[in-house]
Amino acid sequence: MFELTNSIKQIKEYEKLSDAVQSGRTPVLACGLSAVHKAQLAAALRLETGRPVFVLTDDEAAANRLAADLAAFSGLQDVLVVPSREFMFLGVESHSHSYEQARIAALSRLRQGAPIAVASIAAAQQAAIPPAVLEQATLELCTGAAEPLNQLVQKLVAAGYQRTAQVEGYGQFSVRGGILDLFPPQEESPVRVEFWGDEIDSMGYFDVGSQRRGGSLSRLLCLPCMEALPGQAEGGIPGLCSRLTKIVSGRRKKHPDLGKNIENDLERLRETALLPAADKYFPEIYGSEPATLFDYLPKDTILLVDDTPRLREAARGYFQHLTFDLETLTERGELPHETAGFALDFLRIADRFGHFPTVRLDTFLNAIPELAPKTLLNFTAGQMNAFSGSMEALCSDIDAYLLQNRAVVVVCGSALRCKNMLEILQDAGLPARCTDELPQRGQVSVMEGHISAGFEYPETGMTVLTEGRSATRKPSKRNKTGRDRVRSYADLTPGDLVVHEYHGIGRFIGMERMVVDDAERDFIKI
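In short, a report on the structure. These numbers were taken from a predicted model, which means no experiment stands behind them.

### Describing the packing of helix H2 (residues 12–23) against helix H3 (residues 35–49)
Across the interface, H2 lies against H3 with an axial gap of 12 Å and an inter-helix angle of 55 degrees. If you check the angle between H2 and H3, you find them oblique. Crossing hand, H2 versus H3: right-handed. Of the residues in H3, those in contact with Tyr14, Leu17, Ser18 and Gln22 of H2 are Leu41, Ala44, Leu45, Glu48 and Thr49. Of the residues in the contact of H2 with H3, the class split is five nonpolar, three polar and one charged.

See below:
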């Protein structure tokens, strides 16, 4: 779909936007684009410039939807989505770190140079493990390398791994003789590391249930399992304990509960070097000016902001909610401080935007003083609703577009659906062909892809139609039964076995046009 993605380059407004980004006339305010247009524009910028593209949305649902369209337009199998997480301020032993670990894995990929990434504004506001600390806390194991097992165990504990009798989930490890089992958060299966003395003899995946060995590997990266790592504080555990002791001595009379809670944490830190709720000491570990995911972006990253007014309101809402929670916990003596060091407000976020060429993709013209534009552009574009299996209406619409001397692209979710669609269009007498090349005016191209909606730019004379992602979703894992129905005859190929609701089992022959009650209609022939 690269030609379809690059078709936006025919639009003068895009040329102006690209020139403004590359010449430094940013922020750019681009109005008039819907979600599918924004995905196409972001992918086109990536393909044209070769620079990383980072997109911010107002929430994670929007980020995931946008990532799916970006994957289609960019040709990437997996567009990176950096998730937000919940801070854990209370000592709950059974708390799951799964979201935090997914975020750490995403930050690692971002640091390695993800071509396109998406995140919600909350994920961007939250304090993050500093890039240098993430790199230092990441362990690399290689077969044949000398790695004393007792030292490796200490490193895993410092990286937030939990020692257990048997590995059952992410972030756990166990030791039996010269065998180390561990489950790094970015891996899909746990890994068994076998030692010969102090040397790593072999490594391989294994199944948690059966304990059977799977595929072998020669190199393994073990990302940390927590963002707040007490051992990574300035001065290590002793330095962190010293700072917490000063807090206790300064506030013992005014906040006796706080002093008691910190003393309990100090005792646990000295004994185990771990804290289940280390998040509450994030500022003491990494400083009051937090790192964020902006610190993981390459300097030449192009930053796209999806719907700035909504994003600003979402940022303010998240910051107010977090501030309220922190103030409540501070009054109860659970925290030694309030909001500083945990998240950025919108003003400080907007200041981070200034480090990158920024493009605001807003639906309407608006005034956001924190991001006043230097370049203003207005796109003329339309979004087309996905057709939902009504082939007769689709053919009629395409015929009308062709009479207007427009080019038409029909995007289907699989090669089989493209083939079936082509047969339907050709049977309707439309000049269609299956190809990834853009059609000329008066022609129809059917191509494979997954986009959420169709679109058109009057300037290009081309209309793009699609089934929509709901029609091309991955099959459910549940077992199919004979009651599953065919939703569209575009799903059928001549020769397929079908079950008619009243007449039973038959074989699909094809479509046949018949006159019934003085009206010509399409019928399925079985």
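### What about the pairing of strand S15 (residues 375–378)?
Burial along S15 is one-sided: the residues Thr375 and Leu377 are buried and none of Leu376 and Asn378 is. Note: strand S1 (residues 28–31) against S15, four bridges, orientation parallel. When the sheet's bridge partners are listed, Ala30 is paired in S15 with Leu377.

### Observations regarding helix H10 (residues 256–272)
With 17 residues, H10 should cover 24 Å at 1.5 Å per step; its first-to-last C-alpha distance of 25 Å lies within 8% of that length. Here H10 has its buried residues at Leu258, Gly259, Ile262, Asp265, Leu266 and Leu269. Angularly, the buried residues of H10 cover 130 degrees about the axis, an arc narrow enough to put them on a single face. In H10, the exposed positions that point more than 90 degrees away from the buried face belong to Pro256, Lys260 and Glu271.

### Structural notes on the nonpolar core
Ranked by size, the top nonpolar core spans 68 residues in total, and within it Leu56, Leu110, Leu293 and Phe294 carry the most contacts. Not counting chain neighbours up to four residues away, the residues in contact with Leu293 comprise Phe54, Val82, Leu107, Leu110, Ala119, Ala123, Ala124 and Ala128. By size, the runner-up hydrophobic cluster in this structure holds 46 residues, among which are Ala30, Ala42, Leu361 and Leu438.

### Some thoughts on the pairing of strand S13 (residues 302–306)
Regular strands show a simple pattern: their side chains alternate between the two faces of the sheet. Counting buried residues along S13, five of its five residues qualify, which places the element largely inside the surrounding structure. Of the two faces of S13, the one lined by Ile302, Leu304 and Asp306 and the one lined by Leu303 and Val305 are each fully buried. Bridge count for strand S2 (residues 53–57) against S13 is four bridges, and the pairing is parallel. By the bridge assignment for S13, Leu56 is matched with Val305.

Analysis parameters
- Note that residues are indexed from 1 along each chain, following the sequence as it is written.
- Since the coordinates come from a predicted model, pLDDT governs what is reported: local features require at least 70, and pairs of side-chain atoms require 80 or more to be given and counted, while whole-chain, interface and lining totals use all residues.
- No hydrogens and no water enter the side-chain calculation; it runs on all heavy atoms of the structure.
- Only the contacting stretch of a helix is used when fitting its axis, a line to C-alpha atoms as for every element, and angles between N-to-C directions run 0 to 180 degrees.
- The helix and strand labels rest on DSSP assignments: H or I over at least four residues marks a helix, E over at least two residues marks a strand, and numbering proceeds from the N terminus.
- Reported orientations rely on four angle classes, namely roughly parallel under 35 degrees, roughly antiparallel over 145, roughly perpendicular from 65 to 115, and oblique for the rest.
- Definitions for this section: a left-handed crossing has its near helix turned counterclockwise from the far helix by less than a right angle. A right-handed crossing has that turn clockwise.
- Working rule for contacts: check all heavy atoms of both residues, and any pair within 4.5 Å makes them a contact.
- Any residue that is not Ala, Val, Leu, Ile, Met, Phe, Trp, Tyr, Cys, Pro, Asp, Glu, Lys or Arg is counted as polar, Gly included; the first ten are nonpolar and the last four charged.
- Under the scheme applied here, a residue whose accessible area is under 20% of the maximum for its type counts as buried, over 50% as exposed, and between as partly exposed, the area being computed with a 1.4 Å probe on protein chains only.
- For two strands to be treated as a pair, DSSP must find at least two bridges joining them.
- To estimate the expected span of a helix, count its residues, drop one, and scale the result by 1.5 Å.
- As used here, the arc is the angular range of directions from the helix axis to the C-beta atoms.
- Grouping buried Ala, Val, Leu, Ile, Met, Phe, Trp, Tyr and Cys residues that are joined through side-chain atoms within 4.5 Å yields what is termed a nonpolar core.

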